[in-house]
Amino acid sequence: MSILSGFAAALAEGAVEVVDLTAPLSAETPVIALPAEFAQTARFELEELSRYDDRGPAWYWNNFRTGEHTGTHFDAPNHWVTGRGGEDVASVPARRLFGPAVVLDFSAEAAADPDFLLEVEHVRAWEAEHGPLPEGGWLLYRTGWDARSSSQQEFLNADDTGSHTPGISPACARWIAEEAPVIGVGVETVGTDAGAAHSFDPPFPCHAAFMGSGKYGLTQLQNLAQLPPTGAVLVAAPLPIVSGSGSPARVLALVERG
């Protein structure tokens, strides 16, 4: 049996499970809120064209409008000024949309402190237990934040001092970008950066470091609790928008179930 035939059989038999890591995309999907002086991303909107009626008797279809960075989405290097001139989302090689994935679970820490930051020593401790981060793969950072995804208010968790959501420290972001073998980081929050990252030095260190190093981001993931710490394969499928800085994406994980 060939490798692909064996894989297809494993899927059919349930030996390999497909776990959907994608948040449903609708008008209720939470979106990032920037300060009023900046342009704001659009919420997802459907415009009905016909629904088996006189506008089109045999078909139902819609136009849609949304921001590139709405819902579960892919960040391409050209999204940030540090990646200016880098890959747009249509230029990302298809081979890099598949890769091994590991899950670092810090949901307990984020539950105790919504401003929790992942540090290099946290990653090193995880590696000591589970092995090195995967070459050419993804670091998926579980914080349990997907449980808040049905509410804009709970998801952004903002007060008078700003948004309070977990993230990655500047030092750890730089280390992942410059030294770690992964090609990208996936998170459950609205963006790869912490809610307070506007005040970090540098501001928004994940965006600055990852995009500047030609690496990628995945945000608003769900169901990371269903994945093992190691052994999953990630499939990220953004729309190939020419010159686009990112795209809503369907993100799937393949997990071997023994």
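Residues numbered from 1 in each chain as written. Predicted model: local features only at pLDDT ≥ 70, side-chain atom pairs only at ≥ 80, totals over all residues. Heavy atoms only, no water.

Some points on the overall build of the protein
Here is step 1: Scanning the protein for helices and strands turns up six helices and 14 strands.
Here is step 2: The C-alpha atoms of the protein give 19 Å as radius of gyration, which agrees with the globular expectation for 258 residues (18 Å, within 12%).
Here is step 3: Residues counted as buried form 46% of the 258 residues belonging to the protein.
Here is step 4: Considering only contacts in the protein between residues 6 or more positions apart, those separated by 24 or more positions represent 73%.
Here is step 5: Split by element, the accessible area of the protein, about 12800 Å² in all, is 56% carbon and sulfur. (Helix = DSSP H or I, 4+ residues; strand = E, 2+ residues; numbered from the N terminus. Rg over C-alpha atoms; globule rule 2.2 N^0.38 Å. Buried < 20%, exposed > 50% of the residue type's maximum accessible area, 1.4 Å probe, protein only. Contact = heavy atoms within 4.5 Å. Areas by Shrake-Rupley, 256 points an atom, 1.4 Å probe, with all protein chains shown as cover.)

Points about the pattern of salt bridges
Side-chain pairing between opposite charges can occur once the charged atoms of the two side chains come close.
Here is step 1: The tally for this structure, following the rule as stated, stands at seven salt bridges.
Here is step 2: For E17, the salt bridge goes to R257, with nearest N and O atoms at 2.5 Å. Highlighted residues: E17 in strand β1 (residues 16–20) and R257 in the segment after β14 (246–256), separated in sequence by 240 residues.
Here is step 3: Classification of E17 as partly exposed rests on a relative accessible area of 28%. (Salt bridge = Lys/Arg side-chain N within 4 Å of Asp/Glu carboxyl O.)

A word on the layout of surface pockets
Here is step 1: Of the volumes computed, that of the largest pocket is approximately 820 Å³.
Here is step 2: Taken together, 29 residues form the lining of the largest pocket, with I32, A33, L34, P35 and F204 sitting closest to its centre.
Here is step 3: Elements with a contribution of two residues or more to the lining of the largest pocket: β4 (73–75), β8 (158–159) and β9 (162–163).
Here is step 4: Of the residues assigned to the lining of the largest pocket, the class counts are twelve nonpolar, 13 polar and four charged.
Here is step 5: For the second largest pocket, the calculated volume is near 170 Å³.
Here is step 6: Those elements that place two or more of their residues in the lining of the second largest pocket are β13 (232–238) and β14.
Here is step 7: Here the lining of the second largest pocket gets three residues from one element, more than from any other, and that element is β14.
Here is step 8: Counted by class, the lining of the second largest pocket contains ten nonpolar, four polar and one charged residues. (1 Å grid on protein atoms, 1.4 Å probe; cavity = no way out; pocket = protein on both sides within 12 Å on 5 of 7 lines; lining within 4 Å. Points joined across faces, edges and corners; volume = space filled by probe spheres on them. Nonpolar A, V, L, I, M, F, W, Y, C, P; charged D, E, K, R; others polar.)

With respect to helix α6 (residues 205–212)
Here is step 1: α6 sits mainly inside the fold: seven of its eight residues count as buried.
Here is step 2: Residues of α6 that are buried include every one of P205, C206, H207, A208, A209, F210 and M211, and no others.
Here is step 3: Where α6 is buried, its residues touch β4, β10 (167–168), α5 (170–178), β11 (184–187) and β12 (216–219).
Here is step 4: Just downstream of α6, G214 is the residue with a positive phi angle, here 75°.

Quick look at α5
Within an α-helix, residues lying three or four positions from one another point in the same direction, as the helix has 3.6 residues per turn.
Here is step 1: Residues of α5 that are buried: P170, C172, A173, W175, I176 and A177.
Here is step 2: If you follow the buried residues of α5, they end up packed against β6 (117–118), α3 (120–130), β7 (138–142), β10, β11 and α6.

As for the packing of aromatic side chains
Here is step 1: With the rule as written, the count across this model stands at seven aromatic pairs.
Here is step 2: Considering the side-chain rings of Y52 and Y60, the 6.1 Å spacing of their centres and the 55° angle between planes classify their relative orientation as tilted.
Here is step 3: With a relative accessible area of 54%, Y52 lands in the exposed category.
Here is step 4: Positioned over the ring face of Y60 is R51, at 4.2 Å from the centre of the ring.
Here is step 5: Just above the ring of W145 sits the side chain of R148; from NZ or CZ to the centre is 3.9 Å. (Phe/Tyr/Trp six-rings, centres within 6.5 Å; stacked < 30°, edge-to-face > 60°. Lys NZ or Arg CZ within 6 Å of the ring centre and 35° of its normal.)

What about the state of the cysteines?
Here is step 1: Tallied over the entire structure, the rule returns zero disulfides.
Here is step 2: Looking at the unpaired C206, the closest cysteine sulfur is the one in C172, lying at 7.8 Å. (Disulfide = S-S within 2.5 Å.)

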